[in-house]
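Listed below are the residues making up each chain.
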Amino acid sequence: MNQIAAALAWLTASSHWTGSGSIGVRIGEHLWYTLLALAVAAIIATPAGLAIGHTGRGKTVAVACSGALRALPSLGLLTLLTISTTIGIKNPVVPSTIVLAILAIPPLLAGSYAGVEAVDDEVADGARACGMTEMQVLGRVELPLATPLLLGGLRSAALQVIATTTICSYVGMGGLGRFILDGLAVSDYPQMLAGSIVIIVLALIVDGLLSLATRLLTGPGVRHALALTPQ
């Protein structure tokens, strides 16, 4: 309890909320690294997942690749990419983004193809019978129905990336991991615990916001259609 009290005292100290290394600045850096990685991963994984779910082709390869990506050790890969490339040494944001994007790709890919795959074939066939093209079926019918699972994949990816972004501090970047790394260097355990608390709270807030976004973006009609879809 003494350590928790000390961590809370560290968090509420006004000196830790001002300056270039303040808590607010570190939160901003942490969120920026997270958003950058999620954007890169979404550009790669979402179109691929939608195509797999719509055509039914490539699912086996996607599952295998996702499993392989999940098995990669993030800290080891980050260290390798940073010290083995000139770009990594000069600009660690590049290898960090690559590593975090690799971490985010599997849940985004799974959410995309699972969402489209879950749409009843009769619904898609009915849209085709009305004269829609394959792209129209995907964009106007399957994608709206896939929104809950797609955003579920985004929630999972966001939580994993927020938690793992702490390793960016090991290659000289900012973010909330700095409090843990800097505290460890001088055995400042309240600072380390305070950094951990902020990361947990940040992850819970982001998860709550994405949960709310999922509810707002999933209309009553879509929820009713999903309830009627055979599982």
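On a predicted model such as this, the values are computed, not experimentally measured, just so you know. (Residues numbered from 1 in each chain as written. Predicted model: local features only at pLDDT ≥ 70, side-chain atom pairs only at ≥ 80, totals over all residues. Heavy atoms only, no water.)

### Some points on the UniProt feature "transmembrane region" (unreviewed entry) in the protein
- Following the UniProt record, one finds the feature "transmembrane region" (unreviewed entry) at residues 31-52, 157-181 and 193-213.
- Strand forms 0% of residues 157-181 and helix 52%; the C-alpha atoms that close the span are 24 Å apart.
- Helix makes up 100% of residues 193-213 and strand 0%, with an end-to-end C-alpha separation of 30 Å. (UniProt positions renumbered as here; feature names shortened; annotations may be inferred. Helix = DSSP H or I, 4+ residues; strand = E, 2+ residues; numbered from the N terminus.)

### Topic: empty space enclosed by the protein
- Per the stated rule, a full pass over the model turns up one cavity of 30 Å³ or more.
- Its volume calculated, the largest cavity comes out at about 40 Å³.
- Elements with a contribution of two residues or more to the lining of the largest cavity: α4 (74-83) and α6 (93-117).
- Here the lining of the largest cavity takes three residues from α6, the largest share from any one element. (1 Å grid on protein atoms, 1.4 Å probe; cavity = no way out; pocket = protein on both sides within 12 Å on 5 of 7 lines; lining within 4 Å. Points joined across faces, edges and corners; volume = space filled by probe spheres on them.)

### Observations concerning helix α1 (residues 2-12)
- Within the span of α1, buried status applies to A7, W10 and L11. Seen end-on, α1 carries its buried residues on one side only, within an arc spanning 100°. Among the exposed residues of α1, those pointing more than 90 degrees away from its buried face are N2 and T12.
- Buried residues belonging to α1 abut α2 (23-55), α9 (177-185) and α10 (189-217). (Buried < 20%, exposed > 50% of the residue type's maximum accessible area, 1.4 Å probe, protein only. Arc of directions from axis to C-beta. Contact = heavy atoms within 4.5 Å.)

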